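# Architecture at a glance
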Amino acid sequence: MAGRVEGKIAIVTGGGTGIGRATAQRLAAEGAIVTITDVNVDKGQAVATELGGAAAFVQQDVRVEADWQRLMDDVARRHGRPDILHNNAGILSTSPQQWLADTDMAQWRAIQAVNVEGVFLGCKYGVAAMSVGGRAKGGAGGGAIVNMSSVAGLVGTPGAIAYGASKGAVRQMTKSVAIDCAKKGLGIRCNSVHPGIIRTEMGNAVMDLGGGDPDRKWAASIRNVPMGEEGQAVDVANCVLFLASDEARHVTGAELVVDGGLTAI
Amino acid sequence: MGRVAGKIAIVTGGGTGIGRAAATRLAEEGAIVTIAEFDAANGQAVAEELGGDAAFVEHDVREEASWQNLMKSVADRHGRPDILVNNAGILATNNNQELAVTDLEQWRAVQQVNVEGVFLGCKYGVDAMIANGGRAKGGAGGGAIVNMSSIAGLVATAHLVAYGASKGAVRQMTKSVAIDCAKKGLGIRCNSVHPGVIVTNMGNQVMGMGNGNVEANWEARLNLVPMGEPGQAVDVANCILFLASDEARHITGAELVVDGGMTAI
């Protein structure tokens, strides 16, 4: 039986760990040919090796424009036009505290550089690559971009002020990119995913932020999730898979929240 | 193996349009579907088309006794339901629904089907899903409810004052049901779907409101869809399938918009 993204050319940034890794696995399991990018060579390469087949790893720093050009050239050379781009790479913090009073410009800019500028560049180079031979040029092309936002892009996050603002920017930018592509008839969709409390390394980093006992903070955070349990990386990956697949062909500029009810109340 | 293999599903208003498409997609992915429909001929036709264990039950979502009958029928045939799609709804009882011309009679008729019908569906659906072995009783049970809202539940609908209010109520009720079930540990999720301009009988009815020229109104409305084309019933059905499946196990109280970008701008 053909997979839900059979034969599609996919790129997952930050694909070496956590949600990015789970998404690369789900896309590959459903038939996509996945390129994993990561700043961490060992982790990114390990996922590509694990997936096998035509999966590949490309070292990439999402903050660097030249890295995006190199990535897209590389994918084009190996596979041609990409169909799916998951802008997943992101960071939480560069310091143990991120309250308003503690956050200096260096931390603020470091977070925006990865989470906002990285996604901006991803959308820019992703759309350009997907447009090659695409609908606007009479081709059958097009594609799907899925940007990683967060519930932190929907509600206040006083202890993570820079991270929350960055995810708010991703949420909003996603809609502008979606409308831009739609109005131009590019056949490219763009949507955002908003995870809540998820069991990943970044989840651990969230619990470490601001000090205190991480185990107790995990327990307290899970108590705040109405469903009473945290999500797993694969739960978010399945959202990305759905939005990336042709089943979501009429879904663009939308936000999919996967948080066990955290922001419904 | 289908994505909802072996699950017992109920689709209200399953005789036409989005309900019919949802029943079809659920059945294709392995669910055993009961079509609950007011129009016996349409409902029966879909059940026959699906074949196998699919069945039709004549149903008026406004009537509490009709819900009791439906749930008893499903329990007798299959046991505990896993999936309930509260899809049945009406647009109007008059061809004009602007504020000044909408009388209480039309207002109440729309709320009765769209709001009271979904309220009763959630009430009897949750009750049936926890019967005979739900999580709260130590069993492995649970389930997924998907309520049909609309982008009319998110933005103003000056020409459809009663319909928009009814869909706003569905959106909000969905979150309360989601949190109620989550906090009680019932293992039941509840989410809403928000279609935009979709090619269905109800879509035609929307375009005919106010004695308008249906074709001209379709064209004008499509100009408001950034993607430039209407959605098809199957596009909404695929959103319902995703939310009903275990892939969405960490999603509750969420809203999935499928509108080609219409409300992203």
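About the criteria used
Residues numbered from 1 in each chain as written. Chains lettered and ligands numbered in written order. Predicted model: local features only at pLDDT ≥ 70, side-chain atom pairs only at ≥ 80, totals over all residues. Helix = DSSP H or I, 4+ residues; strand = E, 2+ residues; numbered from the N terminus. Contact = placed C-beta atoms within 7 Å. Pairing = 2+ DSSP bridges. Axes fitted to C-alpha atoms, helices over the stretch in contact; angles between N-to-C directions. Buried ≥ 20, exposed ≤ 12 C-beta atoms within 10 Å, placed from the backbone. Right-handed = clockwise from strand over helix to strand, strands pointing away.

This part is about the environment of B:Glu29. Residue and element names in this part refer to chain B. Along the chain, glutamate 29 turns up in the loop between helix 1 (17-28) and strand 2 (32-37). Counting along the chain gives 22 residues from glutamate 29 to lysine 7, while the straight-line C-alpha distance between them is 9.5 Å. If we skip the residues at most four places from it in the chain, glutamate 29 touches Gly2, Arg3, Val4 and Leu241.

Once that is clear, we can look at the sheet that holds strand 1 (residues 9-13) of chain A. All names here are of chain A. An order of 3-2-1-4-5-6-9 is seen for the 7 strands of this open sheet, with the pairing classed as parallel. A strand with exactly one partner marks an edge of an open sheet, and here the two such strands are strand 3 (56-59) and strand 9 (255-258). Adjacent strand axes in the sheet meet at a mean angle of 20 degrees when their direction is disregarded. Here 4 bridges tie strand 4 (residues 84-87) to strand 5 (residues 143-148), and the two strands are oriented parallel to one another. When the sheet's bridge partners are listed, leucine 85 is paired in strand 5 with isoleucine 145. Packed on one face of the sheet, helix 8 (residues 233-244) meets strand 4, strand 5, strand 6 (188-195) and strand 9 and runs near 165 degrees to strand 6.

Glancing now at the pairing of strand 2 (residues 33-38) of chain A. Residues and elements named next belong to chain A. Extensive coverage of strand 2 is indicated by the burial of 6 of its 6 residues. What you see with strand 2 is no split at all: Ile33, Thr35 and Thr37 on one side and Val34, Ile36 and Asp38 on the other are buried throughout. Note on the crossover from strand 1 through helix 1 (residues 18-29) to strand 2: the handedness is right-handed. Sheet topology note: the strand 2/strand 3 ladder contains 4 bridges and is parallel. Opposite aspartate 38, over in strand 3, you have glutamine 59 as the bridge partner.

Looking now at the sheet that holds strand 9 (residues 255-258) of chain B. All names here are of chain B. Spatially, 3-2-1-4-5-6-9 is the arrangement adopted by the 7 strands of the open sheet, whose pairing is parallel. Because the sheet does not close on itself, it has two edges, and the strands there are strand 3 (55-58) and strand 9. Pairwise comparison of adjacent strand axes, ignoring direction, gives a mean angle of 20 degrees for this sheet. In this sheet, strand 2 lies alongside strand 1 (residues 8-12) in parallel orientation, the contact comprising 5 bridges. Residue alanine 9 lies in a different strand from strand 2, and its bridge partner there is valine 33. Those strands touched by helix 8 (residues 233-244) are strand 4 (83-86), strand 5 (143-148), strand 6 (188-195) and strand 9, and its axis lies near 165 degrees from that of strand 6.

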